[in-house]
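Chain residues, written in single-letter form:
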Amino acid sequence: MAGSVFGNHFKIMTFGESHGKGLGVTIDGCPAGLELCEEDIQKYLDRRKPGQSSYTTARNEADAVEILSGVFEGRTTGTPIALLIRNKDQHSKDYSNICDVFRPGHADYGFFAKYGFRDYRGGGRSSGRETVARVAAGAVAMKILASMGVNVHAYAKSIGPVSVSKVDLAEAKNNSLCMPDPEAARLAEEFLQSCMKRKDSVGGVIECVASGMPAGVGDPVFGKLDAMLAQAIMSIGAVKGFEIGDGFLVAESTGSVNNDAFYAAEDGVATVTNHAGGILGGISNGEDIILRAAFKPTPSIGSEQKTVNEKGEECSITIHGRHDPIVVPRAVVVVEAMTAITLVDALLSNMGARLDSIIKFYGREL
Ligand SMILES: Cc1cc2nc3c(=O)[nH]c(=O)nc-3n(C[C@H](O)[C@H](O)[C@H](O)COP(=O)(O)O)c2cc1C
């Protein structure tokens, strides 16, 4: 299947299906010398793991990662890193009654129209479970970024109609909705409970901030850093909107407000405000990179829906099986992972941008 590869220099390819033997990722282009063990990756996978609250699918997966290649004596060797997560708790028979029916809001019909044949168990390749492989690769990217003083963190900014009014990152770890505001988390839980009672689902917005990114990273024109981030984030299942900086609000602003004034800071040029979200002309300007992803409500809902089957006959469908009533809390670490992968790819791509740096790297200074 085409479309499973992302990145140019830190290149990942994910593989596997929701109800197959397992899922995984290969990473080509990870620099040698990074200290890496399974625990470095597992701590991120544990944040995405299902079954941790009443707001996530009850599927009971340990999501234990195995490093198959690319690491020797605890350090990356510069060769492809293969990471495998075996599936343990598939209930494939949950899907047998809907095997020839297109679930509304899902990829089923599109897959059928394209391939004429599909793995209907849990959405196959388009399952939210595919993101386990992205998180594994993201953990490696996060470690590279951390070694350079770049920090990436995300949280739920809104759930349904409830938005946070403050950002307390420690609090985002305290509640099962990953909201950095305890009062908003309480209200969002109430809203979510009422939706769940009606066998309905909810969407929300995840905000992600990358701090410590140096200025001058990203390519102009088609390889713009914001364009690459948009591709990375929009490729996550259920994401329907992407914003950088003030995003759609810029359309209501004026140039005098929206332009971020520069000033001479101790360590270089900085901006007074950050409406741009840390990227201008597709290149980082050294300010925090701020992006947002809008997630739609989980498409699998318990109430009856109208649809069509593979024979083209109209029918109705009631989805059983195990599903997240909201995707957002588990997707927080997925957004962090895709952001980190994109930033590492852009940082590595920059290595050939300047002749003076190349000459210095090879020790050929005259
Ligand atoms: C972490 C994560 C978990 C998800 N869990 C579910 C789920 O339990 N049930 C479901 O119907 N969709 C779930 N989704 C969303 C679907 O995978 C997605 O909406 C579907 O494949 C259609 O693709 P699209 O929404 O990107 O168009 C999840 C997505 C993510 C990122």
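Please read these numbers as outputs of a predicted model, since none were measured by experiment.

1. Structural notes on the pairing of strand E16 (residues 289–295)
No. 1: Counting buried positions over the 7 residues of E16 gives 6, a clear majority of the element.
No. 2: Where strand E10 (residues 204–211) lies against E16, 7 bridges are found, and the strand directions are antiparallel. Bridging across to E16, Ala 210 finds its partner in Ile 289.

2. Some details on the environment of Asp 89
No. 1: In this fold, Asp 89 is placed in the loop between strand E7 (81–86) and helix H2 (108–115).
No. 2: A relative accessible area of 15% means that Asp 89 is categorised as buried.
No. 3: Taking C-alpha positions, Asp 89 is 10.0 Å from Ser 18, a pair spaced 71 residues apart along the chain.

3. Observations regarding the sheet that holds strand E4 (residues 65–69)
No. 1: With antiparallel pairing, the 5 strands of this open sheet are ordered in space as E1-E2-E3-E7-E4. Looking at strand neighbours, the two that pair on one side only are strand E1 (5–6) and E4, the edges of this open sheet.
No. 2: In this structure, E1 lies alongside strand E2 (residues 11–16), joined through 2 bridges in antiparallel fashion. Across the sheet, Val 5 pairs through a bridge with Met 13, a residue of E2.

4. A few points about the sheet that holds E10
No. 1: Read from one edge to the other, the open sheet built from 5 strands follows the order E9-E8-E10-E16-E11, with strand pairing classed as antiparallel. Each edge of the sheet is formed by a strand with only one pairing partner; in this case those strands are strand E9 (162–163) and strand E11 (239–244).

5. Section: the site of the ligand
No. 1: In the region of the ligand, 17 residues are neighbours, and Ser 126, Ala 238, Lys 296, Ser 300 and Asp 324 sit closest.
No. 2: Between the ligand and His 106 there is a distance of 3.0 Å, counted from an oxygen atom to a side-chain nitrogen or oxygen.
No. 3: Lys 240 places a side-chain nitrogen or oxygen 2.9 Å from an oxygen atom of the ligand.
No. 4: A total of 630 Å² of accessible area belongs to the ligand in isolation, and the protein chains cover 88% of it.
No. 5: Looking at the shell around the ligand residue by residue, the class counts come to 4 nonpolar, 10 polar and 3 charged.

6. Quick notes on a nonpolar patch on the surface
No. 1: A contiguous nonpolar patch, built from Phe 262, Val 269 and Leu 280 and spanning about 320 Å² of accessible area, is present on the exposed surface.
No. 2: By secondary structure assignment, the location of Phe 262 is in strand E12 (residues 262–265).
No. 3: The class of Phe 262 is exposed, set by a relative accessible area of 54%.

7. Topic: the pairing of E2
No. 1: Because side chains alternate across E2, one face comprises the buried residues Ile 12, Thr 14 and Gly 16, and the other comprises Lys 11, Met 13 and Phe 15, none of which is buried.
No. 2: The pairing of E2 with strand E3 (residues 22–28) spans 6 bridges and is antiparallel. Residue pairing for E3: Gly 16 is matched across the bridge by Leu 23.
No. 3: The loop that links E2 with its antiparallel partner E3 comprises 5 residues.

8. Focus: the packing of aromatic side chains
No. 1: On inspection of all chains with the given rule, the structure shows 4 aromatic pairs.
No. 2: Between the aromatic rings of Phe 102 and Phe 112, the centroid separation amounts to 5.4 Å while the plane-to-plane angle is 45 degrees, which identifies the pairing as tilted. Of the two residues, Phe 102 sits in the loop between E7 and H2 while Phe 112 sits in helix H2, which places them 10 residues apart along the sequence.
No. 3: You can call Phe 102 buried: its relative accessible area is 9%.
No. 4: Ring centres of Phe 361 and Tyr 362 lie 4.9 Å apart, and the angle between their planes is 85 degrees; this geometry places the pair in the edge-to-face category.
No. 5: An aromatic cluster of at least three residues, connected via ring pairs, comprises Phe 102, Tyr 109 and Phe 112.

9. Remarks on the nonpolar core
No. 1: Core analysis: the biggest nonpolar cluster contains 80 residues, and Phe 10, Val 140 and Phe 295 have the highest contact counts within it.
No. 2: Top element by residues in this core is helix H8 (residues 328–349). It accounts for 14 residues.
No. 3: Apart from residues no more than four positions distant in its own chain, Phe 10 is found in contact with Ile 27, Asp 28, Gly 29, Cys 30, Ala 137, Val 140, Ala 141, Ile 144, Ile 341, Val 344, Asp 345 and Leu 348.
No. 4: Formed by 5 residues, the second largest nonpolar core is a distinct cluster that contains Tyr 95, Val 101, Ile 317 and Ile 319.

10. Regarding helix H3 (residues 131–147)
No. 1: With 17 residues, H3 extends 24 Å from end C-alpha to end C-alpha; this agrees with the ideal 24 Å at 1.5 Å per step.
No. 2: A large share of H3 lies buried, amounting to 14 of its 17 residues.
No. 3: Immediately beyond the C-terminal end of H3, within one or two residues, lies Gly 149, with a positive phi of roughly 80 degrees.

11. With respect to unusual backbone geometry
No. 1: Positive phi is not limited to glycine here, since Lys 199 has a value of about 55 degrees.
No. 2: Relative to the helices and strands, Lys 199 is located in the loop between helix H5 (182–197) and E10.
No. 3: For Val 221, which is not glycine, the phi dihedral falls at a positive 60 degrees.
No. 4: Looking at where Val 221 falls in the secondary structure, it is placed in the loop between E10 and helix H6 (225–234).

12. Observations concerning H8
No. 1: With 22 residues, H8 extends 31 Å between its outermost C-alpha atoms, agreeing within 8% with the 32 Å of an ideal straight helix rising 1.5 Å per residue.
No. 2: Here H8 lies mainly inside the structure; 20 of its 22 residues are buried.

Each value, and the rule that gives it
- Residues numbered from 1 in each chain as written.
- Predicted model: local features only at pLDDT ≥ 70, side-chain atom pairs only at ≥ 80, totals over all residues.
- Heavy atoms only, no water.
- Buried < 20%, exposed > 50% of the residue type's maximum accessible area, 1.4 Å probe, protein only.
- Helix = DSSP H or I, 4+ residues; strand = E, 2+ residues; numbered from the N terminus.
- Pairing = 2+ DSSP bridges.
- Near = heavy atom within 4 Å.
- Polar contact = N/O pair within 3.5 Å; in protein donor to acceptor, adjacent residues only side chain to side chain.
- Areas by Shrake-Rupley, 256 points an atom, 1.4 Å probe, with all protein chains shown as cover.
- Nonpolar A, V, L, I, M, F, W, Y, C, P; charged D, E, K, R; others polar.
- Patch = residues over 30% accessible without salt bridge, like charges linked within 9 Å, V, L, I, M, F, W, Y side chains within 5 Å.
- Salt bridge = Lys/Arg side-chain N within 4 Å of Asp/Glu carboxyl O.
- Phe/Tyr/Trp six-rings, centres within 6.5 Å; stacked < 30°, edge-to-face > 60°.
- Core = buried A, V, L, I, M, F, W, Y, C linked by side-chain atoms within 4.5 Å.
- Contact = heavy atoms within 4.5 Å.
- Expected span 1.5 Å × (residues − 1).

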